[in-house]
Amino acid sequence: MTDDGRLDLSDLESLVTERTKLVAVTGMSNVVGTINPVRALADAVHAVGGVILVDGAQLVPHLPVDVAALDCDFLTISGHKMLGPTASGGLYAKLEVLEKMDPFLGGGEMINEVFEDHATYNAVPAKFEAGTMNIAQEIGLAAAIDYLDSIGMEAVREHEKALTDYAIAELTGAGAEVFGLQDAEERGGAVSFAYKDVHPHDLATILDERGVSVRAGHHCAQLLMRRFGVPATTRASFHIYNTHEEVDRLVEALGRAEEFFGF
Amino acid sequence: MSLDELYKEVILDHYKNPRNKRDVPGAGLSCSRNNPLCGDEITVFVNLDGDVVSEVAFQGQGCSISQSSASMMTEAVAGKDVAGTLAMAAEFRAMMAGDSDPGEDEFGELVALKGVVKYPIRVKCAVLAWDVLQEALQGDGSSAGTATH
C-alpha cells in the first residue's frame, strides 16, 4: 500500500509473472474503503495467462459494478453486507472458466450420469450447486438486490460519497486521524480512524453508550494494522440508511470519550 | 449500569498508572499471550519463593480494561501461594461470567471490573491477564501463545 492508502502497483510486473495462476484482490477495502483498480489488475493478470478473483463483499453493495467492464474472472458477494440475510451470498464467474473447473462438492442436482468407473456432471451452474441450497436466504438476498436496484446503485453511491466526505471532514476537524484516502471520489464509506490516545475498544464502548455502532479491532487485516503502526482502529461505515445527523452524533460522542479518559 | 460505573475511577487509575508494569529479566516463570481478535498483548512475569508468589509483574498493550485488569491482578496475587492464586483466577473468571459476586473484602479493587460483565464483548479483555498468569504458573514457565477466546 502506498502512504496515501492506494494499492501499490509499482512492482506489479515482478509480482504478476508467467508463474501467476490466480490473483485474489478486494474490490474495495473493508478497512479504509480504497477502491482498487480492478481492471488494470485484470489486464495484468490476463496478460500472463492467469485469472483474477475479486472480493466484491464491500464493492458490490455500495456502487454500480459491471463485471464485463472489470473483466474479472470471479467476483464474490456477501448478502449480509447488502441488506440481505446472513449466510447468503453468491459467486459470479465467467462461463468458460466454470466449464473448465471440476465440482468441489457432490450431491443432488450436480450430477448427470453415474457409472461404475466415472460420472458426468450437470451443466454450469448446477455442477457447483450440490444438494439443497440456502433457499430461504437466497430468496431474501434476491429481494435485497431488487430493493437496491429500485433505489439505483448510482444513487446509493452518491449518498454514501456525500456521507463519507462529510464524515472525514468532521472527524478530522474533531482531532481524529482518518486512515487511507481522504477523498470519497476514490473510496467507499468504510472510515477507519484513531482518536487521540483512546484505545479503539474503549472508544467503541463509549460510542455504543451513545447509540453509535462502530467496529473496533483489526478488521481481519493485521498486516494493514502493522502498516499503520496501530494495534487496531475504530471504523465507522455507511450505507443508504445513514444520515449526516448520525455523523454529527459520532463526532459529538468522540468529545465524550476525550472528557472521560482525560487525554 | 452506566458507562461511568463501568470505567470506575479505579480502572482509569490503574490504566493510566499501571502497577508492576515492568520487565523482570530472569523471572522464574513467564508467559506471553495476545488476543488476536482485539490486538491486546500481555506478558506476565512471576518469581516464586517456595510456593509463594513473591513477585509478579506484567508488560503489554491494549485497552483500559485489559491493562487495568493486569495491573490490579499483580497487586491482588502478590504474597499468595500458588493454590490461592489459581483459586483467585477461577473466582475472577466466575465473576466475569456473572456466576460469582465476590465482595470487596475478598477481592479488593478487582470488584471494579464487575461492571464489565454487562459488556460481553469486553469480558475477554478483563480475563486475558489472568489466563496468562495461570498459564505461567501451570505451564512450563516459558510459553507464548494466543488466547483462544
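Scoring rules and cut-offs
- Residues numbered from 1 in each chain as written.
- Chains lettered and ligands numbered in written order.
- Predicted model: local features only at pLDDT ≥ 70, side-chain atom pairs only at ≥ 80, totals over all residues.
- Core = buried A, V, L, I, M, F, W, Y, C linked by C-beta atoms within 7 Å.
- Buried ≥ 20, exposed ≤ 12 C-beta atoms within 10 Å, placed from the backbone.
- Helix = DSSP H or I, 4+ residues; strand = E, 2+ residues; numbered from the N terminus.
- Pairing = 2+ DSSP bridges.
- Axes fitted to C-alpha atoms, helices over the stretch in contact; angles between N-to-C directions.
- Contact = placed C-beta atoms within 7 Å.
- Parallel < 35°, antiparallel > 145°, perpendicular 65-115°, else oblique.
- Left-handed = near helix turned anticlockwise from the far one by under 90°.
- Arc of directions from axis to C-beta.
- Domains from an automatic or database assignment.
- Nonpolar A, V, L, I, M, F, W, Y, C, P; charged D, E, K, R; others polar.

**Re the nonpolar core**
- Ranked by size, the top nonpolar core spans 70 residues in total, and within it A:Leu203, B:Val44, B:Val46, B:Ala129, B:Val132, B:Leu133 and B:Ala136 carry the most contacts.
- Here this core gets 10 residues from one element, more than from any other, and that element is helix α6 (residues 120-138) of chain B.
- The next biggest cluster of nonpolar side chains, apart from the first, holds 18 residues, and it includes A:Ile35, A:Leu41, A:Leu59 and A:Leu148.

**Focus on the pairing of strand β5 (residues 111-114) of chain A**
- Judged from the 3 bridges that link them, β5(A) and strand β6 (residues 119-121) of chain A form a sheet pairing that is antiparallel. Each residue of the ladder has a partner; that of A:Glu113, found in β6(A), is A:Thr120.

**Looking at the sheet that holds strand β8 (residues 190-195) of chain A**
All names here are of chain A.
- As summarised here, the arrangement of the 4 strands in space is β7-β8-β10-β9, forming an open sheet in which the pairing is antiparallel. Where the open sheet ends on each side, the last strands, each with one partner, are β7 (176-178) and β9 (215-217). Taking each pair of neighbouring strands and ignoring which way they run, the sheet shows an average axis angle of 35°.
- Alignment of β9 against strand β10 (residues 233-237), held across 3 bridges, turns out to be antiparallel. If you follow Arg 215 over to β10, its bridge partner there is Arg 235.
- Where helix α6 (residues 153-173) meets the sheet, it contacts β7, β8 and β10, and its direction lies at approximately 140° from that of β7.
- Taken strand by strand, helix α7 (residues 200-209) contacts β8, β9 and β10, and its axis lies near 165° from that of β9.

**A look at the packing of α7(A) against helix α9 (residues 244-261) of chain A**
Residue and element names in this part refer to chain A.
- Where α7 meets α9, the axes come as close as 9 Å, and the angle between the chain directions of the two elements is 120°. The pairing of α7 with α9 is recorded here as oblique in orientation. The two elements α7 and α9 cross, and the hand of that crossing is right-handed. Residues Leu 203, Ile 206 and Leu 207 of α7 form the contact with α9, whose participating residues are Leu 250, Ala 253, Arg 256, Ala 257 and Phe 260.

**Regarding the sheet that holds strand β3 (residues 74-78) of chain A**
Residues and elements named next belong to chain A.
- The mixed open sheet is built from 4 strands, whose spatial order is β1-β2-β3-β4. Here the strands that pair on one side only, and so sit at the sheet edges, are β1 (22-26) and β4 (89-93). Adjacent strand axes in the sheet meet at a mean angle of 15°, parallel and antiparallel pairs treated alike.
- One ladder, built from 3 bridges, connects strand β2 (residues 51-55) with β3; its direction is parallel. Each bridged residue has a counterpart across the sheet, and for Leu 53 the counterpart in β3 is Phe 74.
- Along the sheet face, helix α2 (residues 38-47) touches β1 and β2 and points at about 155° away from the line of β2.

**Observations concerning α2(A)**
Residue and element names in this part refer to chain A.
- Buried within α2 we find Val 38, Leu 41, Ala 42 and Val 45. Burial along α2 is one-sided: seen end-on, the buried residues are contained in an arc of 100°. Exposed residues pointing more than 90 degrees away from the buried face of α2 are listed as Ala 40, Asp 43 and Ala 47.
- Elements in contact with the buried residues of α2: β1, β2 and α3 (67-70).
- Once α2 finishes, Gly 49 follows within two positions and takes phi at roughly 85°, a positive value.

**Side note on the domain arrangement of chain A**
All names here are of chain A.
- In terms of domain boundaries, chain A breaks down into domain 1 (12-151) and domain 2 (153-261).
- Using C-alpha coordinates to define each centre, domain 1 is positioned 29 Å away from domain 2.
- Each partner contributes residues to the interface: domain 1 has 14 residues there, and domain 2 has 22 residues.
- Across the side of domain 1 that touches domain 2, the residue classes tally to 8 nonpolar, 6 polar and no charged.

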